[in-house]
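# Coordinate inspection notes
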Amino acid sequence: MSELHKKTKEITELVFKSSRKAREETNAEPEPHLTQPITWPVECVVGPGLEGAIACESKIGYVNGLKGWLIYRGYDIFDLCAYSTYEEVSYLLLYGYLPTAVQLKAFKKNLIQCRNVPNTLRLLMSFSIEEMNPMAVLRLGTNLMRQEFTYIDRDGLVPKRGKVIGTDEDSIPMETVPRGEEHAIYEFKDSDPFKSKELSKFDLEPAIGYKSCYRLISGVATIAAAIVRIRQQKFPIDSDPELSHAANLIYMMTGKQPTPEEERIMDIALILHADHGINASTFAAMVVASTLSDMYFSVGSGIAALNGPLHGGANEQVLHMLREIGEVSNVKSWYKKSRKKKQKIMGFGHRVYKAYDPRARILRPLAKHLAKRNKESGRLFQVAKALEKEVISTLGVKKRIFPNVDFYSGIVYDSLGIPPEIFTPIFAVSRVSGWTSRIMEYLEKNRIFRPRAIYIGQFNKKYVSLEERTNKTR
Ligand code: SDX
C-alpha cells in the first residue's frame, strides 16, 4: 500500500462503502449482452446520434448501463479508486495490465519528464488567455505541443531513410523495420525512446505512438494548470518532480502542496474521469486518428467535443445551477419551474446509464466529506442532495434519469479551490489517458470511420438559370 493510501484510509473506506451500496442496489439487474468478440459485419439497432451503434471491439473499458457498473481492462472502478492511482490506471488503460513496480517507476519517470512544455507555455502566454475559453486554450496548447515536440510538418527533420546495409555486412544483429519503402530501414532499437538521437538534432519525435501519449497525458495537465495561473495574472509554476500527477496538478494550479486527503481525492477524480467507452469526445478523437492524422490533433478534437455542455461542460453548469438555486428551500420551486420550461437538469441523465452513475456514487461522499471543511461547499452540497431527491423522485423511475459524473464533481473541485471554468479542463486532463489508449488500440486494426446519413432530400430537380429564378422556383 502506498504512503498516500496509508494516510487516507478514511477516503478508501468511503469508496468501499459506496461500492457495497452499489452492489446491493444493482446486483439483481440483468446483465446486458454483447461482451464477447463479434464477427463483422454485425447487426445492431441504431438510433439518432449513433445510439446503439457498434463502432469497434475494445478491451479497454466497459460501461454496464443497466447495472451502473464501470470497468477498466477488467478491473471494477470501485477497486481502482480504492487501491490504485491515476498513473497506474493510465498505464493499465494504455498497456492492458497493471504495471510491476519497475514498470510503474519507469512510466512515472517518463510522465514527469513530459510535464515540462516550455516553448508551448512561452507561446501560449503571447495570447490573451484571460479572455479565451480555457478549453480553447487547452486545445491551442496541444497544437503548440505538436510543434514543440514533433517533426511532423517539418520535412527537413523527418528521419532520413537508413543507409541500406547489404546482408554481407559484418554480423551485427540489426533489427530491420521494413516500412513498405523501397528500402528496408535498419535501426538499432533504442531501449529508452527518450534518448533516441536518430530522429533529429532537435530530439523531435513522431506525432503518434506511446511517447506522444505520455507527452499529452502530462503536457495537458501542465497547460491546464498554467491557464489557471495566467488567468490570475500570475506566471505558471514549474512542476515538482517529487509530486504525484494529482498532487502536482493541484500544486501547479494553486502554488500550494495539497494535503494527503486533497491529493487522494483529486487522484480518485482523475481515475474516475479517465475512460468511459466511446463517448462523444473519445469518438471524436478516434475519428481524427482513424484518418491517420496524429495523436496531437486527435486529442485536440477530443478537447473540442468535451467542451459541450451536454458532455464534459456540464460540471461547470452544475455549480452555476446550484449557486442559482442558493438554498435548500428554493429547490422545489426552482425544479418545478425548470420542468415547466422542459429544461434539462445539468448533471443528470446519460445516454448509457439508466442507473446511478457509479462515478457519482463515489464523488458524492467525497463532495460531502470535503464540504464539511467550509460553509459555502456545505450549503452547495445540501442543495445538490435536495435536488437529487427531487429529480430521482420524478424522473428516476419513469425515465431512468439519475445523477451522472458531472453532478458532484463540481463541488469536489470547488472545495479544492479550483475555479469553475477549469472544471472541464480538469475532465480533459484525466480523459487524455482514455483518448490516447483507445486511439492506440484502434490503430492496431485501423479503418477510417465513415458512417452514412439516410438521404431524405429530393431527386430529379431541374436547374433554373439565375435570371429565371424566383422564390417560387425553389
Ligand atoms: C458526460 O457518454 C458518456 O459516457 C459521457 C460521459 C463520459 O464520461 O464521457 O459520461 C460524460 O457527458 C455525462 C453527461 C453530462 N451532461 C449532462 O449532465 C447534461 C444533461 N444531460 C442531458 O443533456 C442528457 O441526459 C444527455 C445528453 C447526457 C444524454 O442525452 P440522450 O441520451 O440523448 O437523452 P435524450 O436527450 O434523448 O433524453 C431522453 C429523455 C428526454 O425526454 P423525452 O423527450 O423523451 O420526454 O430524457 C430526458 C429528455 O428530455 N432527459 C432529461 C435529462 N436528460 C434526459 N430531462 C431532464 N434533465 C436531464 N438531464
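## Regarding the site of the ligand
Contacts to the ligand come from 23 residues, most closely from H276, K344, H350, R359 and K399. G347 is positioned such that a nitrogen or oxygen atom in its backbone is 2.8 Å from an oxygen atom of the ligand. Between R431 and the ligand, the recorded distance is 2.8 Å, taken from a side-chain N or O atom to an oxygen atom. Listed by contribution, the elements that provide at least two residues to the shell around the ligand are α16 (375-399) and α18 (423-444). Of the residues that constitute the shell around the ligand, the class distribution is nine nonpolar, seven polar and seven charged. In this structure, the shell around the ligand is formed jointly by two domains, domain 1 (3-314 + 416-444) and domain 2 (315-415), each of which donates at least three residues.

## Topic: the sheet that holds strand β1 (residues 61-64)
On the basis of which strands lie adjacent, the open sheet formed by three strands has the order β1-β2-β3 and antiparallel pairing. Strands with a single pairing partner mark the edges of an open sheet, and in this sheet they are β1 and β3 (75-76). Relative to strand β2 (residues 69-72), β1 runs antiparallel, the two sharing four bridges. Note on β2: the bridge partner recorded for G61 is Y72.

## Quick notes on a positive patch on the surface
Judged by side-chain charge, K17, K368, K372 and K385 come together as a positively charged surface patch. Take K17: it is sitting in helix α2 (residues 9-26). Here K17 falls in the exposed class, since its relative accessible area comes to 57%.

## Quick word on the nonpolar core
One finds Y72, M266, M321, L322 and L387 to be the most contacted residues of the largest nonpolar core, which totals 122 residues. At 13 residues, helix α8 (residues 210-231) tops the list of elements feeding residues into this core. Summarising the domain contributions, this core has at least three residues from each of domain 1 (3-314 + 416-444) and domain 2 (315-415). Those residues within four positions of L387 in sequence are excluded, and the remaining contacts are M321, L322, I325, V331, W334, Y335, I345, F348 and F407.

## Brief notes about the confidence of the model for the chain
Across the chain, the average pLDDT comes to 90, with 90% of residues at or above 70. This model gives residues 164-201 a pLDDT under 50, and the stretch forms 43 contacts once residues within four places in sequence are excluded.

## A look at the packing of aromatic side chains
The relation between two aromatic rings is expressed through the spacing of the ring centres and the mutual angle of the planes. Going through the model one piece at a time under the given rule, you end up with 13 aromatic pairs. Judged by centre distance (4.6 Å) and plane angle (25°), the ring pair of Y95 and Y210 falls under stacked. Taken as a pair, Y95 in helix α4 (residues 86-95) and Y210 in helix α8 lie far apart in primary sequence, 115 residues in all. Residue classification places Y95 among the partly exposed positions, given a relative accessible area of 24%. Ring plane angle 85° and centroid distance 5.5 Å describe the contact between F107 and Y214, whose orientation is recorded as edge-to-face. Of this pair, F107 sits in helix α5 (residues 101-113) while Y214 is found in helix α8, placing the two residues 107 residues apart along the sequence. Both residues of the pair, F107 and Y214, belong to the buried class. Against the face of F297 rests R146, its NZ or CZ located 3.7 Å from the ring centre.

Cut-offs and rules
- Residues numbered from 1 in each chain as written.
- Predicted model: local features only at pLDDT ≥ 70, side-chain atom pairs only at ≥ 80, totals over all residues.
- Heavy atoms only, no water.
- Near = heavy atom within 4 Å.
- Polar contact = N/O pair within 3.5 Å; in protein donor to acceptor, adjacent residues only side chain to side chain.
- Helix = DSSP H or I, 4+ residues; strand = E, 2+ residues; numbered from the N terminus.
- Nonpolar A, V, L, I, M, F, W, Y, C, P; charged D, E, K, R; others polar.
- Domains from an automatic or database assignment.
- Pairing = 2+ DSSP bridges.
- Patch = residues over 30% accessible without salt bridge, like charges linked within 9 Å, V, L, I, M, F, W, Y side chains within 5 Å.
- Areas by Shrake-Rupley, 256 points an atom, 1.4 Å probe, with all protein chains shown as cover.
- Salt bridge = Lys/Arg side-chain N within 4 Å of Asp/Glu carboxyl O.
- Lys, Arg positive; Asp, Glu negative; His and termini not counted.
- Charge placed at Lys NZ, Arg CZ, Asp CG, Glu CD.
- Buried < 20%, exposed > 50% of the residue type's maximum accessible area, 1.4 Å probe, protein only.
- Core = buried A, V, L, I, M, F, W, Y, C linked by side-chain atoms within 4.5 Å.
- Contact = heavy atoms within 4.5 Å.
- pLDDT = per-residue confidence, 0-100.
- Phe/Tyr/Trp six-rings, centres within 6.5 Å; stacked < 30°, edge-to-face > 60°.
- Lys NZ or Arg CZ within 6 Å of the ring centre and 35° of its normal.

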